[in-house]
Structure formats: structure tokens, C-alpha cells
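Commentary on secondary and tertiary structure
Take a look at the letters that make up each chain.
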Amino acid sequence: KTIYLKDYAPAPYKASHINLVFELFEDKTIVRSEVLYIKNPDGNSSTLILNGQDQTILSVEIDGVAFTGYMLADNQITINEAGEKFTLTITSEIHPETNTALEGLYKSQGTYCTQCEAEGFRRITYFQDRPDVLSIFSVRIEADKSKYPVLLSNGNLVESGELANGRHFTAWNDPFPKPCYLFALVAGDLVRIEDTFKTMSGRNVDLHIYVRSGDEGQCDHAMQSLKKSMQWDEEKYGREYELDLFNIVAVSDFNMGAMENTSLNIFNTKLVLAHQETATDTDFMSVEGVIAHEYFHNWTGNRVTCRDWFQLSLKEGLTVFRDHEFSADMNSRSVQRIDDVDHLRRFQFSEDASPLAHAVQPDNFIEISNFYTMTVYEKGSELIRMQQTLLGEDTYRKATDLYFDRYDGHAVTCDDFVQCMADASGRDMSQFFLWYKQAGTPSLIASSQYDEEQKQFTLTLKQSQADTPGQTNKKPLLIPVAVGLLNEQGIETHPTQVLEMTEREQSFTFDNVKTRPVPSILRGFSAPVKLTTDLSDDNLRLLQLSDTDGFNKWEAGQTIALRTIERVMADSEVDISQFIDDIGIMIQQGLNNKGDKALLARALSLPAIAVIAQTQDVIDPAAIDSARTHILKAIKRTHKDALLRLYKDNLSMGEFSISPEAMGRRSLKNTVLELLTVTNGSGCAALAKAHYDHADNMTDRVAALACLSDSTQPEREEVFTDFYHRFKDYQLVVDKWFSLQAIANRDEIFDDFAKLRNHAEFNIKNPNRVRSLYSAFAINNPVKFHDPSGQGYAILRDAIIELNAINPQIAARQVTPFREWKRYTPELQAKMKDALQAIMDSGNLSSDVFEVVSKSLNG
Ligand code: ARG
Ligand code: ZN
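Everything in this summary refers to the structure shown in the same document. These figures come from a predicted structure and were not determined experimentally.

Below, the discussion takes up the overall build of the protein. When you go through the protein residue by residue, the secondary structure sums to 26 helices and 31 strands. Relative to the compact-globule value of 29 Å for 859 residues, the protein shows a C-alpha radius of gyration of 28 Å, a close match. In terms of overall dimensions, the protein has C-alpha extents of about 85 × 65 × 60 Å along its principal axes. A separation threshold of at least 6 residues defines the contact pool for the protein, and within that pool the share at least 24 residues apart is 70%. Accessible area for the protein stands at about 33000 Å²; split by element, carbon and sulfur atoms hold 47% of it. Side chains of the protein give 87 positive and 122 negative charges; the mean places of these two sets differ by 2 Å.

Pasting the structure below:
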């Protein structure tokens, strides 16, 4: 069933208080909920509708008297003419112990936990499961004391004590009204790491991280990240934490990354645990970013929440923007921006180019879980960034102050947020709001004219927006285009200026331009568009060497690389010596210790196959890969000695650190290792094995394994076996072991895959493990996933059909690599379509899988 934004109506009843009692038993859980319902004066109905799913009703009472006058159908209780004010008490039985969907209350390795966003609360009790119903929650939890010594919920602990039969209880009260998607409960045998934070007004907040015994040594980074986040939010947004306690609990079975439940954040272990022996630099960065993300939700999401799920980006886009900016402040701003844009292009641009393209504020959906997307999150973040660019940082801050002031304690819309931007700046933001409404990646074409006589430079920009499912004839957007000018010597003559494009085609003139300039366009990636320019390769080389904008410096090099790859794809004999020589200059800079190592590592990396694919009319992954590999081999052949020197120069590191410098050095050394091992011969394997043997951290080990993955040399087996035995007790590292084999671009992959699938440690009920095998294969092994035989597609098809019955959310996610099927070569297209059709025909599809598969096929 499709739900539409235009059908929004306020909730008919308010539920200002909810009292919940949980009795946890091994074979069932009894939930009693007592809610005071009062007719909503803004509502237009006296029919109370309560959502509920997968539960057995034991009793229903109104004002203490048994009540049978309700209808139960389609996962809803309906009470007609329900009255002005009454207390409804419902007792029901649920089964967390057999809940494999991991929504609502479920068990993860012996620990009870919850995931209620978006619509999981209805699996716990019957309630108006919608974010605009805000209630004060009181929660009592009863369970066996020896098995579940820790019993947690949101807010403050108000009571705890012993019960008969070795049981005990805790009682919690959260004084701030919240929507039910922010409810959380945890019961388990966990250890706790403690710290405190003093807020800007001088209050002390207790910070607790709960993990399984044995994992407590891997929590320090998460704790430091939390404290940094709390301080950053005070400094940058003036936001203080209001409760006395902030809990984080890490669980091994989790559909997404983490969840911002008020004062009781629940995390995937992958985003809490980090130690040099077990986590890569990328893991350290994700932990920091996601800890910050969930903490920032306290204000952007919880205190100010969403009116309905079409407004998801209100909290997610804004919170992603906040966590990106936080990470930029904590680490390297240019590196952060490059990595964020690379991620956006890889995954969001491809979403926009697929039948599942949708607006940042969508206007319809079947299953909201399918809208936790790159578009709502990452493009949503770019929309906030553009508003900050247009308003300037100071006015943007005034606007967010106004937003918190106006809407604290309310459930609001994206329109309300943008209105605050308008009110604080005095600007009309109505054209800007089209960014929320129109799906698809706009394309922007830039051309330049120089008038020698007038000393004027004119930049002409043309924007266009392609049709997407359900949307045609789109209007022009307000696009902020940050531009600076360099002269032929590479000196910046005109610093960054933000051009505001509002028309389909528009020209901007710069005065006082003494000689023909080289424009640096869309600095810092000031808008999420596909830019095409008339810049020559020489212009780009000048930007690559001299631009003052770190992002565009990198971007210029990537554009040259993309052009080179396209030339090789058109003619494998084409002369690429200029490109290879330029790489030599960069290697030389590295040898002279010039410039930032992290940036050099990124400059020495060719765009990924997925990024190149976005520039192709018809995608042929094998052709992209062979052109790419041809260039990588030429780089190695030409610069082998210099690369080896650069590798050795950066090999010894001293004491382990995750400072940006140390991470930059590792990333440079490992990028060079990748270039040196691209030919997969015996020397490559020996070098990678030596790298592995010398490693004192997971980043270097993973780099060595990645370089050996495609190899058929004996070292491959030795190193993978050693790695497994060394780390078999660390689930998150075993995930890496699965992934690093799933990405092997070699003929053995299909046999290997079957072995991995049948490995004793593979468990299809664990989302991390599923992602480590299937997502790694389908996303990071594009050549073998798109093998002409169709074997790759069959692997994913069968997994989706199996997962559909176990965990619909995870099953639907796995459809992603199929959704762009129409963009591949005719042979691949036909096979991808067959796989989608087979899923469609497999019967009993969850609404999650049904929506993404049917839209992929017909959209
Ligand atoms: N609000 C969470 C976050 O972005 C995401 C949780 C969504 N979970 C889900 N199953 N749809 O931090
Ligand atoms: Zn979020």
C-alpha cells in the first residue's frame, strides 16, 4: 500500500503519557501499556487507530474495565467514537527470542535490545506509531537477574529492586515527551565503561558505554569521540545536553549503523569498538563520525523531531551535515570533503540514475525503511551545506538558533526548517526548496570566454535536470557555484566567490582580469551536480598543481584520470605517456616530502569503477576494469623504482597513532603498495606478505590482504589463513576476512564464494556477516558480480529470496546492486532483469522487497 505526503492529517488523539511494563521470559515477553488518550483539538476524527504487529493481545481495558468494542484487522486496532479522554490498557505477548527481522524488541547474542525507528514500536505494543505523537514514557523492566543484570531504558533511573524467583526490576522515566520511534530498552549481561562530561553551563553528565565482557578494551576511541562531539555541539551550534546520563550500548546484530534513542543510543558493534589491532583507520573514522551523528540527533531529531516520515531528511540530512563538519574539524577538512564527495558520487548519484530515484523529501512510499537512503541522508546533507553557503556561516547559525528556539519539543517539516533560513536571512528560499522536491542529479555545463580588450572573463553556466520516475519538466534550481580564478602562472587572482545561479542559463562576468584565466569552478563541491567544463587538460593540470582549493585540486586530477580512462576504453593503444609522466611528478613530490600525504594518496588513486560507471552511457564493468588496470600497470612499469622508494620512505611509523598525519602516511604507503602489486606476480605477493608480516595495526594488514586477494600465488593462502587464526575471536575482524575474499577478481571466486557461504562462521541472520560477504561481493567486486555467465547475479538473487523470509530490511538493501540494470550492456541487462523477475516470482514478498524490486523492474 502506497502512502502519500499529501494525505497527512494530524493524529486524532494525543497520548501525553505512556506507562510500559515489560516482563522478560526466555520463551515470551509480556508487555503492558497504559496510555491516557485525549482527543486532539487539531485532529479531525474521533476514530482512534493503533498500529500493532506480530503480537497476541491478552487483554484490553478502558478506564480499568474490560473492553471488547474494538476492531482488529490489518495490523490495526480501530476504536470508533472513542471519547474525549480515557485510559486504555493493553496487555500483549511478543516473542523477541524468535524475532529475526531485528525490528521492535529482539535478542542479539543473549542481549535484549530494540530498534523502533521507523515503525518498530508497533511490534512491541499497540500504539499510534507515528512521529508526531509525543509522549512522556515511564518504563518498568523485569527479568532474571543473573542472565540480565543490566536493565536500561530512556531517561532517568527512578527505582530498582529485587523480585521473587531470582528476578529483578528497574524503572525509568524520560521527562521529555518523545515519539515512540525513540523508545529503547536493553537487558543483558554487559560491562560498562564510564566517563563524565561537564557541560557549558557546568552540569556533569555521566557517560556510559555498555559492551560484552572482553570488548571493554576497545571503547576508548568511542568515548573520546562522544566527549568531542558534546563539546563541538556546544561550540558550533550552542547546543547543550540536558539529561544527567548518556548511555551507549553496542550489539552485534543490527540492521543499520546505530540509533539515537533518547539518552540510550544503541549501536552496531562495528561503530563502537576500535583498537589498532582490530580496526582500520576507516573504522576509526566511522566510529568517530557515527558516535557524533547519533549524539547530534539529540537536538536535530529528538528535541526537534519529524512530523511524518516524508520529513526524514529534516533530521538525517541535517545530522549528516553536522557529523561531516565535525569530522572535518577533528581531522583534515580537504580529505574529509574529498571522501564525502567520493561516497556521494559512488552511491547517491547511482541512486539518482536508477528507477529508485526519489526526492530528498519524497512524496510517497510503500515501506519507509526503504527510504533510509543515500538521497535522504547524503544529498540531504548537501542541501544543508548549500544553505550554509548561501547564507554565510553567521547567518546560518542565526537560522539554526531560530530553528531550535521555535521548534524545541515539536514535530516539524523540512519546509519549517527552510523557513527558518528564510526568516533569519530575509531571503526568499522558495526556489531553493525545489532541491527538496525534485529528484535526480542536475547537470551543469560551464563554458568560458575571455575578452582581452575589456579585461573581462565571462563564465556561462547551463543547468538541466533529467526526468525521474513520476517527475518531468523540472524547474531550474538555485545553485550556489563557488568560483575562483587563477592566472597562467597558477597564482590566484580572484578568490572564491559564490555565484548564485537561478536561471536555466546564466552568464557571470569578472572584471579586472589581466590575462586569460583558468577558472576553478564548483570549489569545495559547492552543489551536488554533475559538472562538465570546457577546460583543457592543460588547464586541469594547472589546477591540479596550484589551485588553492584542496577539493578542486584533487578533482582536477580525477577529471584528467577519467578522460584518460575514456581514451583507453576507446583505443587501448592510445598514448597515455603525458598522464603517466604527471603521476611521476606527484610521486617525486612525495619523495621530496612536499604536500599532504593523505591528499597525495588520493591523488595517486584512479577513480573507482563505480565512479567511472556514473560517467558512462552504457556500463561495461569488465571494460572499465581493463582500461583502469592497463593504466595502473603502466604506472607501475614506468615508476617502479620511485614507487618502491616512496613506499620505503613511509614504511616505518614509530608509535601507533590515529592523528591525521599518521593516517595520511598509512594511506600513502598502502596506496603505493597497491600500485606496486597490481600485476599480481610472485614479487607482488612477496611484497604484500612482507607488508603483512611487519604490520602492527589492522589498516596495514587489511591493505596487504587486499593486495593479495586477486593473487593466485601461495602467499595468498598463507596470509589469509594466518589472519583467520589470529583474529577468529573478533567477529568484526572475521567480517573483514569474509569481505577481503569476496572482492577477489579472479576465476576461483565462484568456488570460493560457495565455500565462504558454507563456512561455519557464516550466519545469514547476522546483518554484518551478510554485508561482509554479499555486499562486499556485489558492490566491491563489480567485475565478477557482473560476470557474463550470470553466476554473480544468481548468488545475490538466491540470498535476497532467502533473506526476505528472515529479515526484510536487509533483504531489500541487497537489491541495490540490481536496481540500475537498465544502464548495463544488453547481455548483462537481460540477466539482471531475469534475476529481479525471479525474486518477484518467488512469492510471499515482504513489502520492503516488493517495493524495491517492483520499482526496479517498472520504474
Ligand atoms: N536514525 C538512525 C540513524 O540515522 C537510523 C535508524 C534507522 N533504522 C532503520 N531500521 N530504518 O542514525
Ligand atoms: Zn541519523
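With that out of the way, let us pick up the site of ligand 1. In the region of ligand 1, 14 residues are neighbours, and E117, E260, E294, Y377 and Q809 sit closest. The separation between an oxygen atom of ligand 1 and a polar side-chain atom of H293 is 3.5 Å. Considered on its own, ligand 1 offers 350 Å² of accessible surface; in the complex 98% of this is hidden by protein. Elements with a minimum of two residues in the shell around ligand 1: β20 (258-259), α2 (281-296) and α3 (312-330). Of the residues that constitute the shell around ligand 1, the class distribution is five nonpolar, four polar and five charged.

Across all of its chains, the model carries 58 salt bridges by this definition. Where K145 meets E162, a salt bridge forms, and the shortest distance between an N and an O atom there is 2.8 Å. With a gap of 17 residues between them, K145 in the loop between β12 (135-144) and β13 (150-153) and E162 in strand β14 (residues 156-162) connect regions that are remote in the sequence. Residue classification places K145 among the partly exposed positions, given a relative accessible area of 35%. The exposed category is assigned to E162, whose relative accessible area is 55%. A single network of salt bridges, built from pairs that share partners, joins K236, E325, D329, R333, R337, E382 and R385.

Consider a sheet: its strands pair through backbone hydrogen bonds, and that pairing is either parallel or antiparallel. Taken in spatial order, the four strands of this open sheet run β29-β26-β25-β31, and their pairing is mixed. Since the sheet does not close on itself, it has two edges, and those belong to β29 (505-510) and β31 (530-533), each with one partner. Going from strand to strand, the sheet's axes swing by 20° on average, the running direction of each strand aside. Inspection of the sheet shows strand β25 (residues 443-451) paired to strand β26 (residues 456-464) by nine bridges, in the antiparallel sense. In the sheet register, A446 faces β26, and the bridge partner there is L461.

Right, let's talk about the packing of aromatic side chains for a bit. If you walk through the whole model with that rule in mind, you get 45 aromatic pairs. Ring centres of W299 and F404 lie 5.5 Å apart, and the angle between their planes is 75°; this geometry places the pair in the edge-to-face category. Taken as a pair, W299 in the loop between α2 and β22 (305-306) and F404 in helix α6 (residues 393-407) lie far apart in primary sequence, 105 residues in all. Its relative accessible area of 3% is what places F404 among the buried residues. A ring pair is formed by Y724 and W737, whose centres lie 4.7 Å apart and whose planes are at 45°; its orientation type is tilted.

Under ideal tetrahedral coordination, the four donors around a metal are separated by 109.5 degrees; under ideal octahedral coordination, the six donors are separated by 90 or 180 degrees. The coordination sphere of the zinc ion (ligand 2), as far as protein atoms go, consists of H293 (NE2), H297 (NE2), E316 (OE) and E316 (OE), spread over 1.9 to 2.7 Å. Each of the six donor atoms around the zinc ion (ligand 2) contributes to a set of angles spanning 46 to 159°, which defines the coordination as irregular. Read in sequence order, the donor residues coordinating the zinc ion (ligand 2) give the pattern H-x3-H-x18-E. Here E316 lies in helix α3 and H297 lies in the loop between α2 and β22, a separation of 19 residues in the sequence. Residues H297 and E316 agree in their burial class; the two are buried.

At their nearest, the axes of helix α19 (residues 731-742) and helix α21 (residues 767-780) sit 8 Å apart, and the two run at 15° to each other. Regarding the angle of α19 to α21, the classification is roughly parallel. Two packed elements cross with a definite hand, and for α19 against α21 that hand is right-handed. Along the contact surface, α19 presents Q731, L732, V734, D735, F738, S739 and A742, while α21 presents N768, R769, S772, L773, A776 and F777. Here the residues of the contact of α19 with α21 sort into seven nonpolar, four polar and two charged.

Let's shift gears to the sheet that holds strand β18 (residues 204-211). Taken in spatial order, the five strands line up as β17-β18-β19-β21-β20 in an open sheet, and their pairing is mixed. The sheet is open, and its two edges are formed by β17 (191-198) and β20, each paired on a single side. The pairing of β18 with strand β19 (residues 245-251) spans five bridges and is parallel. The residue of β19 that forms the bridge with H208 is N247. This element, α2, spans β19, β20 and β21 (264-268) of the sheet and lies at about 150° to β21.

Reading the values: rules and limits
Residues numbered from 1 in each chain as written. Chains lettered and ligands numbered in written order. Predicted model: local features only at pLDDT ≥ 70, side-chain atom pairs only at ≥ 80, totals over all residues. Heavy atoms only, no water. Helix = DSSP H or I, 4+ residues; strand = E, 2+ residues; numbered from the N terminus. Rg over C-alpha atoms; globule rule 2.2 N^0.38 Å. Contact = heavy atoms within 4.5 Å. Areas by Shrake-Rupley, 256 points an atom, 1.4 Å probe, with all protein chains shown as cover. Lys, Arg positive; Asp, Glu negative; His and termini not counted. Charge placed at Lys NZ, Arg CZ, Asp CG, Glu CD. Near = heavy atom within 4 Å. Polar contact = N/O pair within 3.5 Å; in protein donor to acceptor, adjacent residues only side chain to side chain. Nonpolar A, V, L, I, M, F, W, Y, C, P; charged D, E, K, R; others polar. Salt bridge = Lys/Arg side-chain N within 4 Å of Asp/Glu carboxyl O. Buried < 20%, exposed > 50% of the residue type's maximum accessible area, 1.4 Å probe, protein only. Pairing = 2+ DSSP bridges. Axes fitted to C-alpha atoms, helices over the stretch in contact; angles between N-to-C directions. Phe/Tyr/Trp six-rings, centres within 6.5 Å; stacked < 30°, edge-to-face > 60°. Donors = N, O, S within 2.8 Å, 3.2 Å for Na, K, Ca; no water. Tetrahedral: all angles 85-135°; square planar, octahedral: opposite > 155°, others 65-115°. Parallel < 35°, antiparallel > 145°, perpendicular 65-115°, else oblique. Left-handed = near helix turned anticlockwise from the far one by under 90°.

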